[in-house]
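Here are the chains, one letter per residue:
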Amino acid sequence: MLQAVIAIVTSTIPVPVSAAVHGPTPSSSGRPAAAVSPFAAPPGIATAGCPSNCGTRCGSHNASCGWAQGGRCSPFSVLPNVQDQGCRAWEDRGRFSTSPFFRESSPRSYQAWQSAGSSDTWVAHGCDGAGIQTDCFGDVMYFEHFDQPSPAPAPPCSSEPYPSHRACSFTHPGKPSGAASFGQYQCGWWRGYKSANAANLQNSPGRGAAYDAGLFGAAGAGADYSKLLADVLDNCPSCRTSTKSALQTPFTDAKAFFTGALWPWVCSEADDAAYEPYTGSKYMNCYCDNEPHNGRQPSGGKPVFPYESMFVYCGLYEDGSGNSLTCDLITLEPNGGEQPTNATVYASSFVLRPAAF
Ligand SMILES: *[C@@H]1O[C@H](CO)[C@@H](O)[C@H](O)[C@H]1NC(C)=O
Ligand SMILES: *[C@@H]1O[C@H](CO)[C@@H](O)[C@H](O)[C@H]1NC(C)=O
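Note that this is a predicted model, so its numbers are computed, not measured.

Calculation criteria
Residues numbered from 1 in each chain as written. Chains lettered and ligands numbered in written order. Predicted model: local features only at pLDDT ≥ 70, side-chain atom pairs only at ≥ 80, totals over all residues. Near = placed C-beta within 6 Å. Nonpolar A, V, L, I, M, F, W, Y, C, P; charged D, E, K, R; others polar. Helix = DSSP H or I, 4+ residues; strand = E, 2+ residues; numbered from the N terminus. Buried ≥ 20, exposed ≤ 12 C-beta atoms within 10 Å, placed from the backbone. Arc of directions from axis to C-beta. Contact = placed C-beta atoms within 7 Å. Pairing = 2+ DSSP bridges. pLDDT = per-residue confidence, 0-100.

**Observations regarding the site of ligand 1**
1) Next: Taken together, Gly49, Cys50, Thr56, Cys58, Ser60 and Asn62 make up all the residues around ligand 1.
2) Next: Here the residues of the shell around ligand 1 are counted per class, giving two nonpolar, four polar and no charged.

**A look at the environment of Ser60**
1) Next: Within the fold, Ser60 resides in the loop between helix H1 (2-12) and strand E1 (63-64).
2) Next: Taking the number of C-beta atoms within 10 Å as the measure of exposure, Ser60 has 6 and is therefore exposed.
3) Next: Note: C-alpha distance between Ser60 and Val82 (22 residues apart in sequence) is 9.4 Å.

**Things to note about unusual backbone geometry**
A negative phi angle is the norm for most residues apart from glycine, just as the trans form is the norm for most peptide bonds.
1) Next: Cis peptide bonds are those with omega within 30 degrees of zero, and the linkage from Ser74 to Pro75 qualifies with 0°.
2) Next: Tracing the backbone shows Pro75 in the loop between E1 and strand E2 (78-79).
3) Next: Even without glycine at this site, Lys175 takes up a positive phi of about 45°.
4) Next: Mapped onto the elements, Lys175 comes out in the loop between strand E6 (170-171) and strand E7 (181-193).
5) Next: Looking at Lys175, the number of C-beta atoms within 10 Å reads 21, which means it is buried.
6) Next: Backbone geometry at Lys244 places phi at a positive 50°, although glycine is not the residue there.
7) Next: Assignment of secondary structure puts Lys244 in the loop between helix H4 (226-233) and strand E8 (256-269).

**Some remarks on the site of ligand 2**
1) Next: Close contacts around ligand 2 come from Asn235, Pro237, Glu333, Asn335, Thr341 and Asn342, and that covers them all.
2) Next: Its residues assigned to classes, the shell around ligand 2 shows one nonpolar, four polar and one charged.

**Quick look at H4**
1) Next: When H4 is considered as a whole, its buried residues turn out to be Leu229, Val232 and Leu233. The buried residues of H4 all sit within an arc of 100° when viewed along its axis, so they share a single face.
2) Next: Check the buried side of H4 and you find it contacts strand E11 (322-332) and strand E12 (343-355).

**Examining the pairing of strand E10 (residues 310-319)**
1) Next: Here E8 runs beside E10; their pairing, made up of seven bridges, is antiparallel. Bridged to Leu262 within E10 is Met310.
2) Next: The pairing of E10 with E11 spans 10 bridges and is antiparallel. Pairing of Asp319 across the sheet is with Gly322, part of E11.
3) Next: The turn linking E10 back onto E11 is made up of two residues.

**As for the confidence of the model for the protein chain**
1) Next: Summary statistics for the protein chain give a mean pLDDT of 87 and a share of 87% for residues scoring 70 or more.
2) Next: Within the model, the stretch residues 1-46 combines pLDDT values under 50 with 171 contacts to residues more than four positions away or in other chains.

**So, the environment of Phe311**
1) Next: As for its placement among the helices and strands, Phe311 is situated in strand E10.
2) Next: The sequence separation of Phe311 and Thr331 amounts to 20 residues, and the corresponding C-alpha distance is 6.5 Å.
3) Next: Sequence-distant contacts of Phe311, that is, excluding residues within four places in its chain, are made with Leu201, Ala246, Ala261 and Ile330.

**Let's talk about the environment of Arg72**
1) Next: Residue position: Arg72 is located in the loop between E1 and E2.
2) Next: Residue Arg72 is classed as buried on the basis of its C-beta count, with 20 C-beta atoms lying within 10 Å.
3) Next: Along the primary structure Arg72 and Pro173 are separated by 101 residues, whereas in three dimensions their C-alpha atoms are 9.3 Å apart.
4) Next: Excluding anything up to four places from it in sequence, Arg72 contacts Cys65, Ser109, Tyr110, Asp128, Ala130 and Gly174.

Next up, the structure:
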């Protein structure tokens, strides 16, 4: 059932905006969209381990990756080891609780989750270096949702002028479970918490999981739509919280609390050599689409949140069959192509169990 639910999310809602949580600065060069592959090298072929725009921020374990690294090699074939450095120092300290989500693997790796009978897979990465975006940020606690696996690579994505909100299929450089591509792919970031209160997307402006994980906007100038988005999430008639707000987690009695966000994978036209080590072309910038719906507004315009933003709250539970997550998926209520005014629970209390990927 969940599979169908998610398929609807991504096929009927007009595609949202572009740029990474940890935002690239796409340029709108008007360059025609060439039929270039989204990846510089064919999957499995190594490229540079430390992309030029990472400067001195790459860690000593920076590396290229390919099929040998499986699901860890995502979304590009480089693991520059930037924001995952020092993860161990905070992943289970203070309000954070990360290890319980990796009981079957390790926080230095990733854990896949599946709903019984569904073909889609949810993947939470820890400090494994997955998730790098084209601005050389985002490689810690990456979160992915995959559906429509295929053994063949996907056709090249047609890049469109920034901000493109057209969802692309995804050719996976790590070929997890033998799947070279996925027809549906959404990605973002997450955090794990000890308490429900800490897991709320927002407790007060500037405080909460959304700010810990960068879930309320892309980095960089002219992209801060956090207040606008928080107001819409705060209006969630179908939410199970007593406040009817999506800013709070509906889970209260779990062993640990998961809060994440996902956006469709998109490609926008660009003209910057910095993108080449990631996408294989300076003219193509691909990312988890958290760019403002109306694009960045560096000259004082009002950036609007991407309409296809999705938020996931889960509680981690243990029963006779081991670990499971019970989750709610929250989307923004489509408003006929206009700016959404409220949030809605798209799928409620679905149960995920550890899976291979
Ligand atoms: C990347 O890793 C290599 C070792 O594999 C190391 O020599 C190099 O200094 C690293 N790059 C940076 C920028 O740290
Ligand atoms: C939620 O959004 C829909 C679509 O725009 C609208 O029809 C409805 O009135 C809104 N509900 C609330 C409570 O804001």
